[in-house]
Amino acid sequence: MSTAIKLPQKENGIFKKIVRCYECKQYKNGLKFAKQILSNSRFADHGETQAMKGLILNCMGRKEEAYEFVRKGLKNDLKSHVCWHVYGLLQRSDKKYEEAIKCYRNALKWDKENIQILRDLSLLQVQMRDLEGFRDTRYQLLKLRPAQRGSWVGYAVAYHLLVDYDMAIKVMGEYRKTQIVAQEKPDYEYNEMVMYEAQLLRESGQLQESINHLDQFEAHVCDMLGVLELKAEIFVDLGKLSEARILYWKLLKRNPENVTYYTRLEEIVKPANKLEFYLNLRKELPNSSTAKRLPLNIATGDDFSRLLDEYLQPGFRKGVPPLFLNLKSLYTDPAKVEIITNTVESFYQCLRQHGSLYPPDSDSFVQEPPSTVLWVLLYLARHYTTIGDTQKALEYVERAIEHTPTMLELHMTMAKVYKNADDLKAAAHWMDEAQSLDTADRYVNSKYAKYLLRIGQVEEAIEKSHKFTREGASTLDTLIDMQCMWFELECAKSYYHTGKLGEALKKCHQVEKHFVDIHDDQFDFHTYCMRKMTLRAYVNLISLEDALKNHPFYIEATKLAVKIYLQLHDHPATKEVEVNNQQEDSMTTAELKKLRRKQRKAELKAQAKAQEDKKENKPKQTENDKKVGEEKDEELDPVKLVMVKDPLEEALKFLVPLQHLSRGCIDTHLMSYSIYCRKSYYDNRVSQFPYLIILFREIPADVAFH
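Let me sum up the structure you'll find in this document.

What follows is about the overall build of the chain. The helix and strand inventory of the chain stands at 40 helices and zero strands. For the chain, the proportion of its 706 residues judged to be buried stands at 45%. If you take every contact in the chain between residues at least 6 apart in sequence, the share linking residues at least 24 apart comes to 59%. If you sum the accessible surface of the chain, you get close to 38300 Å²; carbon and sulfur atoms cover 51% of it.

This is the structure we're talking about:
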């Protein structure tokens, strides 16, 4: 190891300019200044300059050169905190967080009180959930910068994440005492600090102290809704139901459409007659649609029939499209379904015969506008397709289309009827009709693309999705950038059903990568939330990220990927080019040759088109960017995914997160059992019995298990 070179005053000034150029993103100027130092034979091996040059090259996308210069700099000056810090920044940019932490720790050996290195280290520690290390680092920052708010807040959050509420409360309380806030104007950041401390008190079980804290600092709080909700919940926990009732009533006056407030108020009051309780609320809140809807959950028999009649009338007259969706939750009760059927059918018959929802001898007889019958027909079509009567659903939706052929919802309902009847081609046809009526409707276009994917028309679905993607860019690339996971999952299922296992696996891996990216994206919020004092949201974000892969999209992708890998284990792929086996068996030799020529031409044409799109639309890339892109494409090559050496290990990579996060889900244990059963005899004996015991204990009657 060579002796570290010290720069004289002139060169040291140039080095500081390099650092400023890096901070200001003036990378070309930074390289020029680095060249001035390194071109001098006396300073050609100056480690810190070499490291800074490598850092700038990394920002310009020249990773290989960057690592080369940083390693040279580190070799020339192993005792430089700058070299170790820069090496850590490079590792962090490649998301090698554990290696970056080691580099930062080495940097701190030579400069223990470097604020920037300590901050960078704390960010990586909380990212990797090294919470004890995060606490210790935040304590070092607090000792070095006790006057900064971020030092106190970060230290308190560290204790909160470690579930040491007493210390977190103590730290926040000590910092709050140093703050002076004007009484006349509430400050958001101070408000957040007060609310965060109240949350800490509640989570620690100090409920009355939390109430006292909110009362003491209520004048400084901007988030009055948050105060009311928190107080109401704490009063319920304390058993002070009268105070909680008053607060929930205030909340209902503020937002009479919040179902949670009604539920909590019911739990507090515990009425002997729930129906009467909700009817009284309806009288008190006459403009609330939720207050009118909730009694239908409680009522039965004649009461239900009367309330349903009152609820449906204005919906049919005004033409409320989501009227059926508002009542769909009632369809689990057969008795209520029968009453709904009779009520709406009677409305329709009266409209046909008398032009009113009621017969002429009724006191409620009113001549209805022509649109009323249209909404009744639409409701009946949705009603019958939900209860499984496809014939009647088709009959009513056809009548509705004859009445108003240009109504978008009718064509969508027709598509839904055919979809529920398992006629996916007809469903796609009618959804095409619907989207042709309003080509600017993104939702309808997405539904049409989804239906196309379900009948195996992947290319057509991609083409239809193009109108709502970035102009001049590849549709698939844009959908991937947008993390449009529902589209990728539907593509994966479509490819799987057509036997294209490699393409299906590629889509599953893309979904998995989205979750990795979302987890990595939290890195920026570690500093942002501390700076902006969004502490409650930050703690919720940490909890969300820890359970991120419990999302239904990830579970669905995992189930399909495991299914494919198990199939590949049982029947290993032997061909690089996948052809549909059924199609191949039914073809003659000449037809098969013709098919393969056609596939080859289509493949070459697609490749040429993709290259043209890249040349025309993509900005200029550095050589390193091109290499990274090639590596990503190669990594998700469908043929290589199918020809994997150990499918069971690949399946386990998907499954392991669910084994930690979804242990109560039967599918997790079924997939685990299926994988471990295929392991070696020893692994089989050791690993499969815990899952058998769980399956028998938790869901002994599950069809999939038997």
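Here the narrative resumes.
To continue, consider the nonpolar core. The biggest cluster of nonpolar side chains holds 99 residues, and the ones touching the most others in it are Leu312, Phe316, Tyr379 and Phe487. Once residues lying within four places of it in the same chain are set aside, the contact partners of leucine 312 are Leu323, Leu327, Thr343, Val344, Phe347 and Tyr379. Core analysis: the next-biggest nonpolar cluster, separate from the first, contains 59 residues, Trp152, Val153, Leu214 and Tyr538 among them.

In this structure the tally under the stated criterion is 17 aromatic pairs. Relative to tyrosine 396, the ring of tyrosine 384 has its centre 5.7 Å away and its plane inclined at 5°; by these criteria the two rings are stacked. Of the two residues, tyrosine 384 sits in helix α22 (residues 370-386) while tyrosine 396 sits in helix α23 (residues 390-403), which places them twelve residues apart along the sequence. With respect to class, tyrosine 384 is no different from tyrosine 396; both count as buried. By the ring-pair criterion, three or more aromatic residues cluster together here, those being Phe316, Phe324, Tyr331, Phe347, Tyr358 and Tyr379. In this arrangement the basic side chain of lysine 72 is found over the ring face of phenylalanine 69, its NZ or CZ atom lying 5.5 Å from the centre.

In this section: unusual backbone geometry. One non-glycine residue, aspartate 422, adopts positive backbone phi at about 65°. Structurally, the position occupied by aspartate 422 is in the loop between α24 (408-420) and α25 (424-437). Residue aspartate 422 is classed as exposed on the basis of its relative accessible area, which comes to 67%. Backbone geometry at methionine 533 places phi at a positive 65°, although glycine is not the residue there.

Attention now goes to the pattern of salt bridges. In this structure the tally under the stated criterion is 33 salt bridges. The salt bridge involving aspartate 136 is made with arginine 135; its shortest N-O contact spans 3.3 Å. Through salt bridges with shared partners, a single network forms among Arg282, Asp303, Arg306 and Glu310.

Thresholds, definitions, all that
- Residues numbered from 1 in each chain as written.
- Predicted model: local features only at pLDDT ≥ 70, side-chain atom pairs only at ≥ 80, totals over all residues.
- Heavy atoms only, no water.
- Helix = DSSP H or I, 4+ residues; strand = E, 2+ residues; numbered from the N terminus.
- Buried < 20%, exposed > 50% of the residue type's maximum accessible area, 1.4 Å probe, protein only.
- Contact = heavy atoms within 4.5 Å.
- Areas by Shrake-Rupley, 256 points an atom, 1.4 Å probe, with all protein chains shown as cover.
- Core = buried A, V, L, I, M, F, W, Y, C linked by side-chain atoms within 4.5 Å.
- Phe/Tyr/Trp six-rings, centres within 6.5 Å; stacked < 30°, edge-to-face > 60°.
- Lys NZ or Arg CZ within 6 Å of the ring centre and 35° of its normal.
- Salt bridge = Lys/Arg side-chain N within 4 Å of Asp/Glu carboxyl O.

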